[in-house]
Amino acid sequence: MSVFLVLPDGRRLPLTKPVMSVGSDSACDVVLDASGVKASHALLFRDARGWSVSPASRGCEVRVRGKRVELAPLSPGDTFSVGSALLTLASSEQAQAPGVAPPTATSRGRLVSVLAGFASRLLVQRPPAELLETAMRGLAEATGADVGFLVSAEGTRRHVLCATGPVPEAAVVDSLVDRVVASGAPVLVPDVAADAVLAGAPSVVALRLTSALVLPLRAEPAPLSAVYLGRRVGSAPFSAVELEEALALSALAAMLLATSRELTELRAQVDNLTQRIEAATFEGLIGESRPMRELYRQVERLGPTSLNVLLQGETGTGKEWVARALHRRSGRRGRLVAINCAALPESLIERELFGHARGAFSGAGSDRPGLVEAADGGTLFLDEIGDMPFALQSRLLRVVQEREVTRLGENHPRKVDMRVISATHEPLETLVEKGAFRADLLFRLEEVRVDVPPLRERGDDVLLIAHHVLTQEGRRARGFTQKATEALRGHPYPGNVRELVSRVRRAAILASGELLGPEDLELGGDDAPLTPLDEARDAFVQRYVREAITRSGGSKKEAAQALGIGLRSLFRYLGEGD
Ligand SMILES: Nc1ncnc2c1ncn2[C@@H]1O[C@H](COP(=O)(O)OP(=O)(O)OP(=O)(O)O)[C@@H](O)[C@H]1O
């Protein structure tokens, strides 16, 4: 009877030498290309009692029947793991046994089509509970199982999440399930009759199984669950290759389930925020924080009065919007006419504000009313009033005080009925003290002062505004990752709402995913603590070496040559030195 090793890709390797080395290094007798497999990882050796497996050195993980071992005897049919690779010891008798045929081109083809169908069914967005059902049925179908169920494990509590048929209680509270939950590794019972211990497992007895396969299914953040697949008399026993296939399917199902959960959560998050935004919108301003509610109350109260209002707040806090809200609430039939005193030179402000008669200055070809007259019956909004040139302030004072304006080049005043709202980002008292602003004008403009709060004092309003902007952009991105949400909350926003709006808008346009991360918003990087130089260098070298391996088509030897280092050094840089 000759003995083989069944590799993860289904190949069978005869065990011809008494000692066989297993690892990722090409010099090993059994070369494995799988994650977690070290250069020299395990040894298989034969003595008078048969074959055994042991880790090649400390830190190399070898598991037999899910348990980490230092040395373990192997019998034909035993499956063991080296890193993430699953291997099975098989004998020539087993190889010829009916039903344990190596995968043929047809069975591979069938698996691929089942896999594709399985994935496409899962990809159609459904609630997670329905997806679980689909995942379970897909797994049972793809592996040709007679019985299939999914058990969730929370502490010692077990319950069936979904099943292809009735599942007796005894099969749920079960040693095989416990073993998978404890180790996180799969358990294969190829032939119940050949294993007295496993044959006694409650599930095997209760379901009258001849062969069983129990796999972990980890769909974060849900706790680990176990997929239980069983075959009955008349069906061929599960093989190591089928175990590999089922593992791949369960990993795929876990990934899709995690995505589905994330999308479901995102939808709930979006629905919740949309409702909150609706309730928190006041005259186009979004915010439900205490300072914003206070601001809305002030606008409601002051809107219908004729009092002149001075809005004070940092740049980008929304002062112009507050001015518009006050105007809309005023009931005045005229327009809101705005001028930014910081954006225009003195001569232009004068002409723009007060208007002019024909020939008042060169280029004045006709009579023209100014913005003050345009605001008649409405509101005049003087933005950045602190930048109003001192020479024009007395003229403006007349307008505000007397409610009349005289165009440049004319000498008769015209009556105007308007309310004046001004805005400033710096306290005007300071300018008065410096002699740059007239105290009497300030007195007239500030019949009431309204402070517009900085965004950093508005709590979760940041998230409401961010979601509103995202929805308005209407791009692929529909929400924010948890990290982005935290970064949005924690950022100080020196540019206030204007900064937030432009960060989100830019991220929505440039990012390709459905969820925006802190990097898309260009947030968080500056605040991250610096890593010590040694750690940063090691991390960089490791990334660089991995990149070289990828570029060399996965060949570590070629990568080492390209980097001008020995293979041993390459393993050391990868943190896999022996
Ligand atoms: N509460 C808010 N909800 C939604 N968007 C807002 C809010 N406040 C301001 N914005 C948006 O932020 C941007 C800046 O607002 P606005 O121009 O009114 O600020 P400002 O305080 O007048 O700025 P500046 O001092 O630079 O003149 C605008 O694009 C506006 O749409």
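Along each chain, residue indices are assigned from 1 in the same order as the chain's sequence is written. Side-chain atom pairs in this predicted model are given and counted only at pLDDT of 80 or more, local residue features only at pLDDT of at least 70, and totals for whole chains, interfaces and linings cover all residues. Values shown for side chains rest on all heavy atoms present in the structure; no hydrogens or waters enter the calculation.

Caption draft 1: A look at the overall build of the protein. Each helix corresponds to a stretch of at least 4 residues labelled H or I by DSSP, and each strand to a stretch of at least 2 residues labelled E; elements are numbered beginning at the N terminus. Helix and strand content of the protein: 21 helices and 27 strands. The 578 residues of the protein split such that 45% are buried. Here the analysis covers contacts within the protein between residues at least 6 apart in sequence; of these, 61% occur between residues at least 24 apart. Per-residue and other accessible areas were derived by the Shrake-Rupley procedure at a 1.4 Å probe size, with only the shown protein chains allowed to occlude residues. Carbon and sulfur atoms form 52% of the exposed surface of the protein, whose accessible area is close to 28500 Å². Each residue is assigned to one of three classes by its accessible area relative to the maximum for its type, calculated with a 1.4 Å probe on protein chains only: buried under 20%, partly exposed between the two thresholds, exposed over 50%. Any two residues whose heavy atoms approach within 4.5 Å at even a single point are treated as in contact.

Caption draft 2: Highlighting the site of the ligand. Put simply, a residue is near a molecule or strand once any heavy atom of it comes within 4 Å of that molecule or strand. Around the ligand, 17 residues are found, and the nearest of them are Ile286, Thr315, Gly318, Lys319 and Arg498. For the ligand, an oxygen atom lies 3.1 Å from a polar atom in the backbone of Thr317. A total of 630 Å² of accessible area belongs to the ligand in isolation, and the protein chains cover 85% of it. Put simply, the parts of the chain that give the shell around the ligand at least two residues each are strand S18 (285–286), helix H10 (319–328) and helix H18 (496–510). N or O atoms within 3.5 Å of each other form a polar contact, as long as, within protein, one can give a hydrogen and the other can take it, and as long as residues adjacent in sequence are counted only when both atoms are side-chain atoms.

Caption draft 3: Quick look at helix H17 (residues 482–490). By the burial criterion, the buried members of H17 are Ala484, Thr485, Ala487 and Leu488. Seen end-on, H17 carries its buried residues on one side only, within an arc spanning 165°. The exposed residues of H17 that point more than 90 degrees off its buried face are Gln482, Lys483 and Gly490. Throughout, the arc means that of the directions going from the helix axis to the C-beta atoms.

Caption draft 4: Looking closely at the sheet that holds strand S3 (residues 19–23). Only strands joined by at least two bridges in the DSSP assignment are considered to pair. Strand order in the open sheet made by the five strands is S4-S3-S5-S6-S9, with mixed pairing throughout. Edge positions in the open sheet fall to strand S4 (30–31) and strand S9 (72–74), since each of these has one partner strand only. Bridging between S3 and S4 involves two bridges; their strand directions are parallel. Counted as the bridge partner of Gly23 is Val31 from S4.

Caption draft 5: Structural context of unusual backbone geometry. A positive phi angle, close to 50°, is found at Tyr493, a residue other than glycine. By relative accessible area, which is 0% here, Tyr493 ends up buried.

Caption draft 6: View of the environment of Pro304. Tracing the sequence through the fold places Pro304 in the loop between helix H9 (290–302) and strand S19 (309–312). C-alpha separation for the pair Pro304 and Arg329, spaced 25 residues apart in sequence, amounts to 5.9 Å. Beyond its immediate sequence surroundings of up to four residues, Pro304 is in contact with Arg329 and Ser330.

Caption draft 7: Molecular detail of the pattern of salt bridges. Salt bridge, as used here: a side-chain nitrogen of Lys or Arg that lies within 4 Å of a carboxyl oxygen of Asp or Glu. Applying the stated criterion to the full structure yields 27 salt bridges. Two residues, Arg449 and Glu429, come together in a salt bridge whose shortest N-O distance is 3.8 Å. Of the two residues, Arg449 sits in strand S25 (residues 448–451) while Glu429 sits in helix H14 (residues 428–434), which places them 20 residues apart along the sequence. Residue Arg449 is classed as partly exposed on the basis of its relative accessible area of 31%. A salt bridge links Glu473 to Arg505; its shortest N-O distance comes to 3.1 Å. On the criterion of sequence distance, the pair formed by Glu473 in helix H16 (residues 461–473) and Arg505 in helix H18 is long-range, its members being 32 residues apart. Its relative accessible area of 22% is what places Glu473 among the partly exposed residues.

Caption draft 8: Focus on the confidence of the model for the protein. pLDDT measures the predictor's confidence residue by residue and takes values from 0 up to 100. On average, residues of the protein carry a pLDDT of 83, and 91% of them reach 70 or more. Long-range and interchain partners of residues 94–106, a stretch whose pLDDT sits below 50, account for 15 contacts in this model, where long-range means more than four residues apart. Model confidence for the complex: the whole-complex pTM is 0.58, and ipTM, which rates the interface, is 0.96.

Caption draft 9: Representation of the UniProt feature "coiled-coil region" (unreviewed entry) in the protein. UniProt positions are given in the numbering used here, feature names are shortened, and annotations may be inferred rather than shown by experiment. What UniProt calls "coiled-coil region" (unreviewed entry) maps, in this numbering, to residues 256–283. Taken end to end, residues 256–283 has its terminal C-alpha atoms 42 Å apart, with 86% of it in helix and 7% in strand.

Caption draft 10: Focus on the nonpolar core. Definition of nonpolar core: a set of buried residues of the types Ala, Val, Leu, Ile, Met, Phe, Trp, Tyr and Cys, connected through side-chain atoms within 4.5 Å. Membership of the largest hydrophobic core comes to 29 residues, with the highest contact counts inside it found for Leu353, Val372 and Ile385. Counting residues per element, the ones that place at least two in this core are strand S20 (336–340), helix H11 (346–354), helix H12 (371–374), strand S21 (379–383), helix H13 (390–402), H14 and helix H15 (439–445). Considering each element in turn, this core owes the most residues, five residues, to H13. Apart from residues lying up to four places away in sequence, Leu353 is in contact with Ile339, Gly370, Leu371, Val372, Leu380, Leu382 and Met388.

Caption draft 11: View of the side chain of Asn496. Mapped onto the elements of the fold, Asn496 is located in helix H18. Classification of Asn496 as buried rests on a relative accessible area of 0%. Here the side chain of Asn496 touches Leu455 through a polar contact of 2.8 Å, landing on its backbone nitrogen.

Caption draft 12: Quick peek at the environment of Arg475. Structurally, the position occupied by Arg475 is in the loop between H16 and strand S26 (479–480). Overall, the relative accessible area of 42% leaves Arg475 in the partly exposed class. Between the alpha carbons of Arg475 and Leu510 there is a distance of 9.6 Å; along the sequence they are 35 residues apart. Not counting residues up to four positions away in its chain, the partners in contact with Arg475 are Ala508 and Ile509.

Caption draft 13: Expanded view of the sheet that holds strand S16 (residues 225–231). Taken in spatial order, the five strands of this open sheet run S13-S12-S16-S15-S14, and their pairing is antiparallel. Strand pairing shows two members of the sheet lacking a second neighbour, strand S13 (157–163) and strand S14 (187–189), which therefore form its edges. Across the sheet, the axes of successive neighbouring strands diverge by a mean angle of 20°, strand direction being ignored. To obtain an axis, a line is fitted to C-alpha atoms, over the contacting stretch when the element is a helix, and the angle between two such axes runs from 0 to 180 degrees between their N-to-C directions. Lying on the sheet, helix H5 (residues 175–183) is in contact with strand S12 (147–154), S13, S14, strand S15 (211–217) and S16; it crosses S15 at an angle near 35°. Lying over the sheet, helix H8 (residues 240–279) contacts S14, S15 and S16, oriented at roughly 30° with respect to S15.

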